[in-house]
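Descriptive structure summary
Each chain, written out:
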Amino acid sequence: MHQDVEQILYTEEELRRRVKEVGAQITADYYGRQPLLISVLRGSYIFMADLTRAISLDLTVDFMVVSSYGAGTVSSGQVEIKKDLSDSIEGRDLIIVEDILDSGNTLYYLMDVLKARKPASIRLCTLMDKPDRRTKPITADYVGFTIPDAFIVGYGLDYDEKYRNLPYVGVLKPSVYQRGAEPS
Ligand code: PRP
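Right, let's walk through the structure included here. (Residues numbered from 1 in each chain as written. Predicted model: local features only at pLDDT ≥ 70, side-chain atom pairs only at ≥ 80, totals over all residues. Heavy atoms only, no water.)

A few points about the overall build of the protein chain
Test applied: Only DSSP runs of H or I with at least four residues qualify as helices, and only runs of E with at least two residues qualify as strands; both kinds are numbered from the N terminus onward. In this treatment the radius of gyration is a C-alpha quantity, and the globule benchmark scales as 2.2 Å times the residue count to the 0.38 power. Exposure categories follow from relative accessible area, calculated using a 1.4 Å probe and restricted to protein chains: below 20% of the type maximum is buried, above 50% is exposed, and the middle band is partly exposed. Any two residues having at least one pair of non-hydrogen atoms within 4.5 Å are treated as being in contact.
Helix and strand content of the protein chain: four helices and nine strands. Scaling as 2.2 N^0.38, a compact globule of 184 residues should have a C-alpha radius of gyration of about 16 Å, and the protein chain matches this with 16 Å. The principal-axis extent of the C-alpha atoms belonging to the protein chain is close to 50 × 35 × 25 Å. A buried classification covers 47% of the 184 residues belonging to the protein chain. Here the analysis covers contacts within the protein chain between residues at least 6 apart in sequence; of these, 67% occur between residues at least 24 apart.

Dropping the structure here:
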């Protein structure tokens, strides 16, 4: 285990099993259709890679880079599209793929932007859901795990751009981000 991690919340094996279940559910729900999965980068890149391989449909993929946090643990409320989609989404069945749904601020903003482009449907799939922290009326259609309000890293999730490559999801030691918050 990484020295900055206090506790492993989900092991590689638990993640693998749950992602397969979510993929199977999406396969069943979208039978006969060709959804477009939109990965909201950067945090969702590992989940996206595993989820798409767990879905048996003729799907397509696209990517957006959206930023809301900066180098902290609390959402600033400001959302910026840093990289937009490559293709049109008009008439498509969208599944937005996120690593974590926290305040809901990012998705609240993004849903509006995407709806205006006239897709046939939009659903939201998040690996982690922290409903206790929600400040915007956003609900995910597919949730990997519902988690308490701890600061988690790994499997794509970062703190200050680090720890994304940990193969498990773990709780970050508070001393790491308390240290980060101190003036230098
Ligand atoms: C994270 C995550 C979501 C958002 C969720 O992204 O990937 O996009 O925060 O938080 P919210 O529900 O409070 O809006 P972040 O801005 O940390 O960027 P990253 O994906 O590059 O890690």
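A closer look at the site of the ligand
Where we set the bar: One heavy atom within 4 Å of a molecule or strand is enough for the residue carrying it to be called near that molecule or strand. Whenever a nitrogen or oxygen atom comes within 3.5 Å of another N or O atom, the pair is scored as a polar contact, on the condition that within protein one atom can donate a hydrogen and the other can accept it, and that pairs from neighbouring residues in sequence are kept only if both atoms are in side chains. Each residue receives one of three labels: charged for Asp, Glu, Lys and Arg, nonpolar for Ala, Val, Leu, Ile, Met, Phe, Trp, Tyr, Cys and Pro, and polar for the others, Gly being one of them.
In the vicinity of the ligand there are 17 residues, among which Glu98, Asp99, Ser103, Gly104 and Thr106 approach most closely. In the model, an oxygen atom of the ligand is placed 2.4 Å from a nitrogen or oxygen of the aspartate 99 side chain. Within the contact set of the ligand, an oxygen atom lies 2.5 Å away from a side-chain nitrogen or oxygen of serine 103. Looking at the shell around the ligand, the elements that each hand over two or more residues are strand 5 (93-101) and helix 3 (105-115). Of all the elements, strand 5 adds the most residues to the shell around the ligand, at four residues. Among the residues making up the shell around the ligand, the classes are represented as four nonpolar, seven polar and six charged.

As for helix 2 (residues 45-53)
The complete set of buried residues in helix 2 reads Ile46, Phe47, Met48, Leu51 and Thr52. Here the buried face of helix 2 lies against helix 1 (12-29), strand 2 (36-41), strand 3 (60-67), strand 5 and strand 6 (121-129).

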